[in-house]
Amino acid sequence: QVQLVESGGGLVQAGGSLRLSCTASGQTFTSFPMGWFRQAPGKEREFVAGNTWSSGSTHYADSAKGRFTMSRDSAKNTMYLQMNSLKPEDTAVYYCAAVNRMTSVTPTNVYDYDFWGQGTQVTVSS
């Protein structure tokens, strides 16, 4: 069973930066796709960024392009989401997620992911 634990959320002013971390235990994730999602109050959970790791390229939602960067440290079994130039509309609970199989295309639907972390709150003040 894979366990994912996010950290790094907090309160930041607009224009600021945060780096979220997601540490996996129970299984190394170096081969399986992983992603970041977020859910704002009253809204559905939405895809932010994801990577199959096999292709080496990260797929970003339009809202994240140019501002967010997804990376990983395989030795630490940890994935990161560096968020720069944050906006109030980025306020949400951020989740990391993992797929339990290899895929050639980065999954972007919540239903494609098998494991989820508990989430970490990001609040951006104006």
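Scroll up to find the structure this text is about.
Scope of this entry: the structure provided in the associated data block.

What counts, and at which threshold
Residues numbered from 1 in each chain as written. Predicted model: local features only at pLDDT ≥ 70, side-chain atom pairs only at ≥ 80, totals over all residues. Heavy atoms only, no water. Phe/Tyr/Trp six-rings, centres within 6.5 Å; stacked < 30°, edge-to-face > 60°. Helix = DSSP H or I, 4+ residues; strand = E, 2+ residues; numbered from the N terminus. Buried < 20%, exposed > 50% of the residue type's maximum accessible area, 1.4 Å probe, protein only. Lys NZ or Arg CZ within 6 Å of the ring centre and 35° of its normal. Pairing = 2+ DSSP bridges. Axes fitted to C-alpha atoms, helices over the stretch in contact; angles between N-to-C directions. Core = buried A, V, L, I, M, F, W, Y, C linked by side-chain atoms within 4.5 Å. Contact = heavy atoms within 4.5 Å.

1. Here we look at the packing of aromatic side chains
Point 1. Counted by the stated rule, this structure contains 5 aromatic pairs.
Point 2. With a centroid separation of 5.6 Å and 80° between ring planes, the pair formed by F37 and F47 is classed as edge-to-face. Here F37, found in strand β4 (residues 34–39), pairs with F47, found in strand β5 (residues 46–51); they are 10 residues apart in sequence, far enough to count as distant. Accessibility assignment for this pair places F37 and F47 in one class, buried.
Point 3. Residue classification places F37 among the buried positions, given a relative accessible area of 0%.
Point 4. Feature note: the residues F37, F47, Y95, Y113 and W116 constitute an aromatic cluster, connected by ring pairs.
Point 5. In this arrangement the basic side chain of R45 is found over the ring face of Y95, its NZ or CZ atom lying 3.7 Å from the centre.
Point 6. Sitting over the face of the ring of W116, R45 holds its NZ or CZ atom 4.8 Å from the ring centroid.

2. Focus on the sheet that holds strand β1 (residues 3–7)
Point 1. Strand order in the open sheet made by the 4 strands is β1-β3-β8-β7, with antiparallel pairing throughout. Of all strands in the sheet, those with a lone pairing partner are β1 and β7 (68–73), marking the two edges. Strand-to-strand twist of the sheet, defined as the mean angle between neighbouring strand axes without regard to direction, takes the value 20°.
Point 2. Pairing between β1 and strand β3 (residues 18–25): 5 bridges, direction antiparallel. Note on β3: the bridge partner recorded for S7 is S21.

3. Here we look at the nonpolar core
Point 1. L4, W36, M70, L81, M83 and Y94 are the most contacted members of the largest nonpolar core, which totals 28 residues.
Point 2. Where this core is concerned, the elements lending two or more residues are β3, β4, β5, β7, β8 (78–83), β9 (92–98) and β11 (120–125).
Point 3. Excluding its chain neighbours within four sequence positions, the residues that come into contact with M83 are G16, S17, L18, L20, R67, F68, Y94 and V122.

4. Considerations on the environment of C22
Point 1. Mapping C22 onto the fold places it in strand β3.
Point 2. A C-alpha to C-alpha distance of 10.0 Å links C22 and G35, two positions 13 residues apart in sequence.
Point 3. If near-sequence neighbours (up to four positions away) are discounted, C22 is found in contact with L4, V5, E6, M34, W36, N77, T78, M79 and C96.

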